Amino acid sequence: QVQLVESGGGLVQAGDSLSLSCAASGRTVSLYNMGWFRQAPGKEREFVAAISFIGGVTRYADSVKGRFTISRDSAKNTAFLRMNNLKSEDTAVYFCAAGPRAAATAVEYAYWGQGTQVTVSS
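This structure is a prediction, so every number in the text was calculated from the model and none was measured. (Residues numbered from 1 in each chain as written. Predicted model: local features only at pLDDT ≥ 70, side-chain atom pairs only at ≥ 80, totals over all residues. Heavy atoms only, no water.)

1. Regarding the overall build of the protein chain
Just so we agree on the cut-off: A helix here means a DSSP run of H or I that spans at least four residues, while a strand means a run of E at least two residues long, and both kinds are numbered starting from the N terminus. Radius of gyration: C-alpha atoms only; globule rule: 2.2 Å multiplied by the number of residues to the exponent 0.38. Exposure is judged per residue with a 1.4 Å probe applied to protein chains only, and the accessible area is read against the type maximum: over 50% gives exposed, under 20% gives buried, and values in between give partly exposed. Contacts are residue-level and defined by heavy atoms, with any inter-residue pair within 4.5 Å sufficient. In these tables, accessible area is a Shrake-Rupley quantity obtained with a 1.4 Å probe, and a residue counts as shielded only by the protein chains included in the view. The charge count treats Lys and Arg as positive and Asp and Glu as negative. His and the chain ends do not count. Where a charge lies is defined by one atom per residue type, namely NZ (Lys), CZ (Arg), CG (Asp) and CD (Glu).
On a plain count of helices and strands, the protein chain comes out with zero helices and 11 strands. Each helix and strand of the protein chain, placed in order from N terminus to C terminus, yields the pattern β-β-β-β-β-β-β-β-β-β-β. For 122 residues, the compact-globule estimate of 2.2 N^0.38 gives 14 Å, and the protein chain sits close to it at 13 Å. By the burial criterion, 41% of the 122 residues in the protein chain qualify as buried. The contacts in the protein chain between residues at least 6 apart in sequence include a share of 56% that link residues at least 24 apart. A total accessible area of about 6300 Å² is found for the protein chain, and carbon and sulfur atoms account for 51% of it. Placing the 12 positive and 9 negative side-chain charges of the protein chain at their respective mean positions leaves the two points 5 Å apart.

Spelled out as structure tokens, the structure:
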């Protein structure tokens with residue numbers, strides 16, 4: 001079992017930056033790949049970014065590529081999402097996830113955090 005605790009959400013203005021953290025704990029937690037997803041009101045949960053356990057290979061959704069950066073501190077079992085040049089369309093609840101693959105689909109992740117709200121004002 002893996003437990004994920006997220007932090008860092010808040011209200012920011014367009015163009016600002018914000019960093020999210022995901023602290024993971026549990027047996028064999030260091031063996032899991034990590035990902036970030038988001039869900040806006042009335043929309044389906046969508047992929048944002050992922051990082052693999054082996055090699056730290058990253059992947060990003062086209063909508064955030066060049067603005068967001070996912071990273072991982074394996075020693076501390078923590079994942080991060082650095083968000084730069086935030087836009088109003090980035091407003092959503094952001095979820096941290098852990099699973100056997102650094103996939104772009106939510107069904108491939110076994111464990112999820114509670115979510116943290118990110119609101120970007122114009």
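2. Points about the pattern of salt bridges
As a reminder, the rule being used: Salt bridges are identified by distance alone: a Lys or Arg side-chain nitrogen within 4 Å of an Asp or Glu carboxyl oxygen.
Throughout the structure, instances matching the rule amount to five salt bridges. Here arginine 38 makes a salt bridge to glutamate 46, at a shortest N to O gap of 2.7 Å. The buried category is assigned to arginine 38, whose relative accessible area is 5%. For arginine 38, the salt bridge goes to aspartate 90, with nearest N and O atoms at 2.9 Å. Residue arginine 38 is located in strand β4 (residues 33-39), and its partner aspartate 90 is located in the loop between β8 (78-83) and β9 (92-99); the two are separated by 52 residues in the primary sequence. Accessibility assignment for this pair places arginine 38 and aspartate 90 in one class, buried.

3. A few points about the packing of aromatic side chains
Stated precisely, the cut-off is as follows: Stacked, tilted and edge-to-face pairs are distinguished by plane angle, under 30 degrees for stacked and over 60 for edge-to-face with tilted covering the rest, among Phe, Tyr and Trp rings (Trp via its six-membered ring) whose centres lie within 6.5 Å.
Counting across every chain of the model gives five aromatic pairs. Consider the rings of phenylalanine 37 and phenylalanine 47, whose centres lie 5.7 Å apart with planes at 75 degrees: the pair is edge-to-face. With phenylalanine 37 in strand β4 and phenylalanine 47 in strand β5 (residues 46-51), the pair connects residues that are 10 residues apart, well separated along the chain. Using a relative accessible area of 1% as the deciding quantity, one classes phenylalanine 37 as buried. By relative accessible area, phenylalanine 47 is classed as buried at 14%. When the centroid spacing of 5.2 Å and the interplanar angle of 80 degrees are considered together, the rings of phenylalanine 37 and tyrosine 109 count as edge-to-face.

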